[in-house]
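Architecture at a glance
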Amino acid sequence: MWYSMDKVAVVILNWNGCDMLRSFLPSVVRCSEADGAVVYVADNGSTDDSVAMLRREFPSVRLILLDRNYGFADGYNLALRQVEAEYVVLLNSDVEVTEHWLSPLVAYMDAHPEVAACQPKIRSWHRHEQFEYAGAAGGFIDRYGYPFCRGRILGVVEDDCGQYDTVAPVFWATGAALFIRLADYRGAGGLDGRFFAHMEEIDLCWRLRARGRGLVCVPASVVYHVGGATLKKENPRKTFLNFRNNLLMLYKNLPTAELRPVMRVRAVLDYVAALTFLLKLQPANAWAVVRARRAYRQLRPSFAAAREENMAQARPVGIPERTAYSILIRFYLRGKRFYSSLVS
């Protein structure tokens, strides 16, 4: 399938990732340009050899140069101001794509104008037969804000045996390979730059779903994601950002009737998480949870206007991909380890 050069733009955000780009950009350029897409690298003020290497080794890639590290969220917001295309793909620099990976995504989106964004099936680059933690075959969220996926619940990641090979509506599409209409991205306000990194794509997807736009996983498209390339899974900085941003996301998007009861339960669950980190001899992560809650309380007033706007634009109907149950109860108390067991 061929499209005009401004049909699809693949945009990779880079910060000091010269080696990562050298490893993974060749597949992106080869497989994306073969389908007529344009590949951009937006550099977030790198201080390594990234820009010089790109100019030297990847002359077809279009460069967007930002003056400093704006983080994932604002980095993309600023970069996409310089891109004009019907569809954009926010693609992590540690993703290996496959032949004609864009074709199923474009075909589905062209045929379904009610859908704002989609994602491919995300497999692990380290173990090709396994789903990747951050996205798998499409994301969901439970009543208390805990994300999970078709193919990954909490820390349990499934092998891909074709069990999730159907197109399915999802609550969130992974920021590792987010294929989105640029008009929808801009219309919803883009990623929230105040998040800096982590949870920002789920927040954007929540806004889109609340406003009646669809999100799906199209598993006919397959990519391989390294994952954890910027901050490792147990990094206290990542723990802090995940907990803080998750709370801010809930505050911004929860329906008014749910806000107080959900946040009361989350306070208990967060302190349980901090205690668990302590019992696992991870005091830095425990302290990160406490600091995240403190930061949330300090920042909450500055998010009041965003919450008011989201409530005004949200449709008065529920979002089925946001479950009414707690994934923690189903996982720990009922032994539901796989997504297929949740819905069976």
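Conventions used here
Residues numbered from 1 in each chain as written. Predicted model: local features only at pLDDT ≥ 70, side-chain atom pairs only at ≥ 80, totals over all residues. Heavy atoms only, no water. Helix = DSSP H or I, 4+ residues; strand = E, 2+ residues; numbered from the N terminus. Rg over C-alpha atoms; globule rule 2.2 N^0.38 Å. Contact = heavy atoms within 4.5 Å. Areas by Shrake-Rupley, 256 points an atom, 1.4 Å probe, with all protein chains shown as cover. Buried < 20%, exposed > 50% of the residue type's maximum accessible area, 1.4 Å probe, protein only. Arc of directions from axis to C-beta. Axes fitted to C-alpha atoms, helices over the stretch in contact; angles between N-to-C directions. Parallel < 35°, antiparallel > 145°, perpendicular 65-115°, else oblique. Nonpolar A, V, L, I, M, F, W, Y, C, P; charged D, E, K, R; others polar. Pairing = 2+ DSSP bridges. Patch = residues over 30% accessible without salt bridge, like charges linked within 9 Å, V, L, I, M, F, W, Y side chains within 5 Å. Salt bridge = Lys/Arg side-chain N within 4 Å of Asp/Glu carboxyl O. 1 Å grid on protein atoms, 1.4 Å probe; cavity = no way out; pocket = protein on both sides within 12 Å on 5 of 7 lines; lining within 4 Å. Points joined across faces, edges and corners; volume = space filled by probe spheres on them. pLDDT = per-residue confidence, 0-100. Polar contact = N/O pair within 3.5 Å; in protein donor to acceptor, adjacent residues only side chain to side chain. Core = buried A, V, L, I, M, F, W, Y, C linked by side-chain atoms within 4.5 Å.

Some details on the overall build of the protein
Within the protein, the secondary structure is distributed over 12 helices and 13 strands. Radius of gyration (C-alpha) of the protein: 19 Å, near the 20 Å computed for a compact globule of 344 residues. Each principal axis of the C-alpha distribution contributes one length, and for the protein these read about 55 × 45 × 40 Å. Long-range contacts, defined here as pairs at least 24 residues apart, represent 77% of the contacts in the protein between residues at least 6 apart. Looking at the protein as shown, the accessible area adds up to about 14600 Å², and 57% of this sits on carbon and sulfur atoms.

Details of helix H10 (residues 304-313)
Within the span of H10, buried status applies to Ala 306, Arg 307 and Asn 310. The buried residues of H10 occupy an angular sector of 100° when the element is viewed end-on, so they sit on one face. With respect to the buried face of H10, the exposed residues turned more than 90 degrees away are Ala 305, Glu 308 and Ala 312. In this fold, the buried residues of H10 make contact with helix H6 (200-210), helix H7 (236-253) and helix H8 (256-279).

Here's the deal with the packing of H7 against H8
Running from N to C, H7 and H8 cross one another at 170°; their axes reach a closest spacing of 11 Å. When the axes of H7 and H8 are compared, the pair comes out roughly antiparallel. Residues Thr 239, Phe 243, Asn 246, Leu 247, Leu 250 and Tyr 251 of H7 touch H8, and the partners they reach there are Leu 259, Met 263, Arg 266, Asp 270, Ala 273 and Phe 277. Within the contact of H7 with H8, the residues separate by chemical class into 8 nonpolar, 2 polar and 2 charged.

Focus: the pairing of strand E12 (residues 177-181)
Regular strands place their side chains on alternate faces of the sheet. Of all 5 residues in E12, 5 are buried, a share of seventy percent or more. Side chains Ala 177, Phe 179 and Arg 181 of E12 all project onto a buried face; the interleaved residues Leu 178 and Ile 180 project onto the opposite face, where all are buried too. Pairing of strand E4 (residues 87-91) with E12, which is carried by 5 bridges, proceeds in the antiparallel orientation. Among the inter-strand pairings, Tyr 87 is bridged to a residue of E12, identified as Arg 181. Pairing analysis gives 2 bridges linking strand E6 (residues 115-124) to E12, with the strands arranged antiparallel. Within E12, the residue paired with Cys 118 across the bridge is Phe 179.

Overview of a nonpolar patch on the surface
Together, Leu 275, Leu 278 and Leu 279 give the surface a local cluster of nonpolar side chains, amounting to about 320 Å² of exposed area. Mapped onto the elements of the fold, Leu 275 is located in helix H8.

Comments concerning the layout of surface pockets
Approximately 210 Å³ is the volume attributed to the second largest pocket. What lines the second largest pocket is a set of 13 residues, and nearest its centre among them are Pro 255, Arg 315, Val 317, Gly 318 and Ile 319. Its residues assigned to classes, the lining of the second largest pocket comprises 8 nonpolar, 2 polar and 3 charged.

A closer look at unusual backbone geometry
The residue Leu 154 is not glycine, and still its phi comes out positive at about 50°. Examined against the element boundaries, Leu 154 turns out to sit in the loop between strand E9 (152-153) and strand E10 (156-157). Positive phi outside glycine occurs at Leu 281, with the angle close to 60°. On the secondary structure map, Leu 281 appears in the loop between H8 and helix H9 (283-299). Residue classification places Leu 281 among the exposed residues on the basis of a relative accessible area of 73%.

Here we look at the confidence of the model for the protein
When pLDDT drops low, the exact placement of atoms in the prediction is not to be read closely. Mean pLDDT over the protein: 94, with 96% of residues reaching 70 or higher. Note that residues 1-5 has pLDDT below 50 and, in this model, 18 contacts with residues that lie over four places away or in other chains.

Digging into the side chain of Lys 7
Assignment of secondary structure puts Lys 7 in the segment before strand E1 (8-14). Here the side chain of Lys 7 touches Asp 110 through a polar contact of 3.1 Å, side chain to side chain. Ignoring any residue separated from it by four or fewer positions in sequence, one finds Lys 7 in contact with Ala 85, Glu 86, Tyr 87, Val 106 and Asp 110.

With respect to the pattern of salt bridges
Counted by the stated rule, this structure contains 23 salt bridges. Arg 127 serves as the salt-bridge partner of Asp 159, at 3.7 Å between the closest nitrogen and oxygen. Of the two residues, Asp 159 is situated in the loop between E10 and strand E11 (168-169) and Arg 127 in the loop between E6 and strand E7 (139-141); the sequence distance between them amounts to 32 residues. Taking relative accessible area as the criterion, Asp 159 reaches 34% and is therefore assigned partly exposed.

Looking at the nonpolar core
Counting 71 residues, the largest nonpolar core has Val 83, Val 88, Leu 90, Ile 180 and Trp 206 as its most contacted members. Examining the composition of this core, we find that 6 residues originate from one element, H6, more than from any other. If we ignore the near neighbours within four places in the chain, the residues touching Leu 90 are Val 11, Tyr 76, Leu 80, Gly 175, Ala 176, Ala 177, Leu 178, Ile 180, Tyr 185 and Leu 191. Residues Leu 54, Val 89, Val 97 and Trp 101 belong to the second largest nonpolar core, which totals 35 residues.

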